[in-house]
Structure formats: structure tokens, C-alpha cells
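What follows is the residue order along each chain.
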Amino acid sequence: MKIQVNEQALTLPNSMNIEQLLSHLEKPLIGSAVAVNMQVISRSEWTQYNINEGDNISLFQAIAGG
Amino acid sequence: MLSDNELLRYSRHLLLEEVSEAGQHKLKNAKVLIIGMGGLGSPAALYLAAAGIGHLVLNDFDDIEVSNLQRQITYQNSDIGESKVEVTKQRLQQLNPDIKVRSINKQMPEQQLSMELTMADLVLDCTDNMATRQMINKACVDAKVPLIVGAAIRLEGQLMFFDHSQAESPCYHCLFPSSEEQTLNCSNAGIIGPVVGTIGTLQALEAIKYFVGLPSGIKNKLKLFDGKTLDWQTFAINKDTQCSVCGQV
Ligand SMILES: [Zn+2]
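Chemist: Honestly, the side chain of B:N59 in this entry has me stumped. Any pointers?
Modeler: Residue and element names in this part refer to chain B. Its place among the elements puts N59 in strand β2 (residues 55-59). On the accessibility criterion, N59 (6% relative accessible area) is buried. Looking at N59, its side chain comes within polar contact range of the main-chain oxygen of I104, at 2.9 Å. Each residue touching N59, except ones within four places of it in the same chain, is listed here: I34, I35, G36, M37, V85, I104, K106 and M108.

Chemist: Please explain the confidence of the model for chain B as it appears in this structure.
Modeler: Residues at a pLDDT of 70 or more form 96% of chain B, whose mean pLDDT is 95. Confidence metrics for the complex model read pTM 0.96 and ipTM 0.94.

Chemist: Is there a simple way to explain the side chain of A:S32 in this structure?
Modeler: Residue and element names in this part refer to chain A. Within the secondary structure, S32 sits in strand β3 (residues 32-36). Classification of S32 by relative accessible area gives buried; the value is 6%. Among the polar contacts made by the side chain of S32, one reaches the main-chain carbonyl oxygen of P28 at a distance of 2.7 Å. Excluding residues that lie within four positions of it along the chain, S32 makes contacts with R43, W46, F60 and Q61.

Chemist: Can you help me understand the pairing of strand β1 (residues 31-35) of chain B in this one?
Modeler: Moving residue by residue along a regular strand, the side chains alternate between the two faces of the sheet. Residue and element names in this part refer to chain B. Counting buried residues in β1 gives four out of five residues, a clear majority hidden from the surface. Across five bridges, the pairing between β1 and β2 is parallel. From the neighbouring strand, K31 faces β2, where its bridge partner is H55. Note on the crossover from β1 through helix α4 (residues 41-51) to β2: the handedness is right-handed. With four bridges joining them, β1 and strand β4 (residues 122-125) adopt parallel strand pairing. Across the sheet, I34 pairs through a bridge with L124, a residue of β4.

About the thresholds
Residues numbered from 1 in each chain as written. Chains lettered and ligands numbered in written order. Predicted model: local features only at pLDDT ≥ 70, side-chain atom pairs only at ≥ 80, totals over all residues. Heavy atoms only, no water. Helix = DSSP H or I, 4+ residues; strand = E, 2+ residues; numbered from the N terminus. Buried < 20%, exposed > 50% of the residue type's maximum accessible area, 1.4 Å probe, protein only. Polar contact = N/O pair within 3.5 Å; in protein donor to acceptor, adjacent residues only side chain to side chain. Contact = heavy atoms within 4.5 Å. pLDDT = per-residue confidence, 0-100. Pairing = 2+ DSSP bridges. Right-handed = clockwise from strand over helix to strand, strands pointing away.

See the structure below:
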């Protein structure tokens with residue numbers, strides 16, 4: 001399955017949900033936020049939200065500085 | 001009625017149909033609590049005072065250090081060692097003697113923050129750590145006070161606006177549910193002054209727009225600013241019905 005993660009093309013070996021994608025990419029779960037096609041997906045939905053072919057995924061970190 | 005002095009001072013607002021005299025009155029009656037007088041709070045406070053926001057409450061508990069001066073543009077070399085809120089209050093009163101400025105020179109416990117929110121129309125979160133951000137968010141949700149959140153690190157900025165007067169509004173915790181300090185801050189990761197200044201300036205712009213009744217471009221949205229490319233990304237935030245702060249009880 002072909003998707004985009006932070007504007008980089010990526011091929012996933014099998015279908016997966018958001019939490020599995022973060023593990024697959026070795027990204028930390030804590031402090032991360034995820035958007036699919038510019039819509040933020042709440043942490044509580046990560047295990048139910050399955051990634052679809054062509055999805056545009058954005059991963060970013062909370063920043064606290066000011 | 002605006003005085004002759006005010007008509008002159010705010011003449012560039014009055015020329016705008018988006019502000020005009022009615023809008024200037026709303027700014028004069030507005031009460032804004034700014035929490036954090038660092039790189040975000042400096043430009044935000046200066047712009048809001050200049051714009052004629054009638055009541056500003058400034059909160060911080062830090063004294064000015066030489067390493068602040070690279071980006072916290074309210075302060076001068078001779079201010080080192082002085083309290084941030086006291087110096088800012090003085091500067092704002094010099095800038096605009098028509099407005100009222102109050103300073104709170106301490107880290108507010110939850111109870112005091114809630115009390116302050118009963119007197120605030122809008123809060124700007126200009127703080128520098130996750131624990132305080134989560135506390136401010138929860139207090140604003142509980143008090144139904146709109147919250148404009150800014151944050152910046154390195155060459156990146158984040159900006160959001162949650163109108164907690166609306167029950168269906170999402171909150172900061174829906175987006176970032178973790179209060180763990182996994183996050184980066186200015187002291188451990190560095191920051192370029194105009195990046196944090198851009199975000200603080202836009203917090204002031206959104207505040208002015210809110211009071212004069214212009215729709216916000218960032219309500220229930222997260223804006224990410226990339227200081228390298230000057231690109232912005234915009235993400236929609238939905239309320240998390242499982243959110244422990246704003247979700248259904
Ligand atoms: Zn929430």
C-alpha cells in the first residue's frame with residue numbers, strides 16, 4: 001500500500017492502523033500527533049483508524065517552548 | 001465615545017471598516033490574560049497594548065536574564081535581574097497610558113488561575129512548558145474562556161485557537177493528550193527570535209480579530225509554521241469524545 005508520510009512516499013508491507021504505523025516507523029507514541037489528509041486523528045482513535053491507500057499522513061511533535 | 005486623543009492614536013484602526021470606532025470600543029472594553037512574558041508574550045503584549053486592549057493582565061514569575069534578550073524584545077540590557085512582568089507593565093504603560101495593566105509575579109496555582117479567568121474575556125498561552133499548558137487548557141475549558149495557544153522551538157511554530165465558550169469546541173488536550181515533558185523547549189533546543197516573535201505576533205492578531213468580531217482563520221485548527229521555508233500547514237482538530245478534559249463526563 002502506497003502512502004505519503006510528511007511528504008515522503010512510503011510503501012507499507014500490509015494494512016495497518018495509526019498506532020502500528022508509528023511503531024513501524026519507530027516513532028515515539030508520547031508527544032506525537034498524527035493527521036491524515038490534514039485532519040488530526042485523536043490519540044484515542046489510533047488503534048481503530050486504518051490507513052488507506054493514498055493517504056497523506058503528517059506526523060509532528062508537541063512543542064512547548066515560548 | 002473615544003476621546004480626541006484616542007481618535008488620533010487609533011486613527012489607523014478607525015480607517016479600517018473591519019475595526020472602525022465600534023471595534024475600537026470593543027478593544028477598549030476587552031480583558032486579556034497573557035500567561036508567559038517570554039518570546040511569545042513580548043510581542044503579543046506590546047501589540048495588544050498598542051492596539052488599545054483596555055485591560056491587560058500579565059503573568060510570569062521569571063526575572064530577566066541576559067540569554068532572554070536574543071528574542072524577548074520588550075527587555076533591555078539594563079533590565080537584567082528585574083521581574084519580567086514588572087518591566088513589561090512599565091513599558092506598556094509608557095507605550096499606552098490609556099490602558100490598565102496588572103501584573104501577577106508568581107506561578108499561579110490552579111485556584112488563582114480559575115479566579116483570574118472569571119475576569120478574563122480571552123487568554124493567550126505564551127508559556128514554555130507542557131505542564132503549565134495543560135493546566136491553562138483545563139482551566140479555560142472549565143471556565144469557558146477562549147484560548148489562543150502559541151508555541152515555538154528551533155525554526156518551528158505552532159498556533160491554535162480554541163473557543164471554549166462553545167461546548168462543542170475541541171481543546172489542547174484533544175490534540176496533545178500527554179503532559180509528559182517529552183517535548184522540546186527553548187532552553188534545551190534553541191530558538192530563533194523572529195520565529196517565536198511571528199507566533200506571538202499572530203496570537204495578538206487573532207486576539208484583536210476576536211474582539212472586533214472578525215472570524216478566525218485558526219479556530220479549531222492547528223497551524224504549523226516552518227521558519228526555513230516560511231510554509232504553513234493547516235490541520236483540522238475535532239473534539240475527542242474520549243478527551244479527559246473536554247469530553248463527555
Ligand atoms: Zn479535549
